[in-house]
Amino acid sequence: MIVVAGDNRVSRWVSRKIEGQEIEWGPHTSLAVVDGERVLAGVVYSEYRNGIDIRASIASNGPGWASRGVLRALFDYPFNQLGVVRITCLIADDNVKSQTLCEKLGFVPEGIHHLAWDGKKDVISFGLLRKNCKWI
């Protein structure tokens, strides 16, 4: 498995996995975890705030993609290349699998945004500080 810089195909793939439709990301960077030609997982980094924060949206085709080397590469980009001090993930409150993944990666729940997902579901924000990231 390798991590490669993505293009709009990767961000479209992630948005379909997360929302079932395309998301208007605005300026963003996407990375894909691939095995040959097959995409195993993708991360879209968006809403960059000048060395402070960036939002990460993660999607996968299932378990088994998150090796130590892959995670090192995925966290290297925001923390070391962009120099942010934190990463934020926003997850629908009924998406327990994604919440569990975020917590295993070291993110901590920080708050609830009522009805912020689609006007019907709440969103839980998760944050990870660079100083607490065990992958870099």
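Residues numbered from 1 in each chain as written. Predicted model: local features only at pLDDT ≥ 70, side-chain atom pairs only at ≥ 80, totals over all residues. Heavy atoms only, no water.

(A) Focus on the nonpolar core. Among the nonpolar cores identified, the biggest contains 27 residues, and Tyr45, Trp65, Leu74, Phe75 and Phe107 are the most heavily contacted of them. Breaking this core down by element, the ones donating at least two residues are strand 2 (28-35), strand 3 (38-49), strand 4 (53-60), helix 2 (68-81), strand 5 (86-92), helix 3 (96-105) and strand 7 (123-129). Per element, the largest residue contribution to this core is 6 residues, and it comes from helix 2. Each residue touching Phe107, except ones within four places of it in the same chain, is listed here: Phe75, Ile87, Cys89, Cys102, Phe126, Gly127 and Leu128. Within the second largest apolar cluster, 8 residues are counted, among which are Val10, Trp13, Val14 and Val34. (Core = buried A, V, L, I, M, F, W, Y, C linked by side-chain atoms within 4.5 Å. Buried < 20%, exposed > 50% of the residue type's maximum accessible area, 1.4 Å probe, protein only. Helix = DSSP H or I, 4+ residues; strand = E, 2+ residues; numbered from the N terminus. Contact = heavy atoms within 4.5 Å.)

(B) Expanded view of the packing of aromatic side chains. Within this structure, the stated rule accounts for 3 aromatic pairs. Between Tyr45 and Tyr77, the ring centres sit 5.2 Å apart and the planes meet at 50 degrees, which makes this aromatic pair tilted. Of this pair, Tyr45 sits in strand 3 while Tyr77 sits in helix 2, placing them 32 residues apart in sequence. Residue Tyr45 shares its accessibility class with Tyr77, and that shared class is buried. Relative to Phe107, the ring of Phe75 lies with its centre 6.2 Å away and its plane at 40 degrees, an arrangement referred to as tilted. Pair noted here: Phe75 is in helix 2 and Phe107 is in the loop between helix 3 and strand 6 (108-113), with a separation of 32 residues, a long-range link. One exposure class covers both Phe75 and Phe107, and it is buried. (Phe/Tyr/Trp six-rings, centres within 6.5 Å; stacked < 30°, edge-to-face > 60°.)

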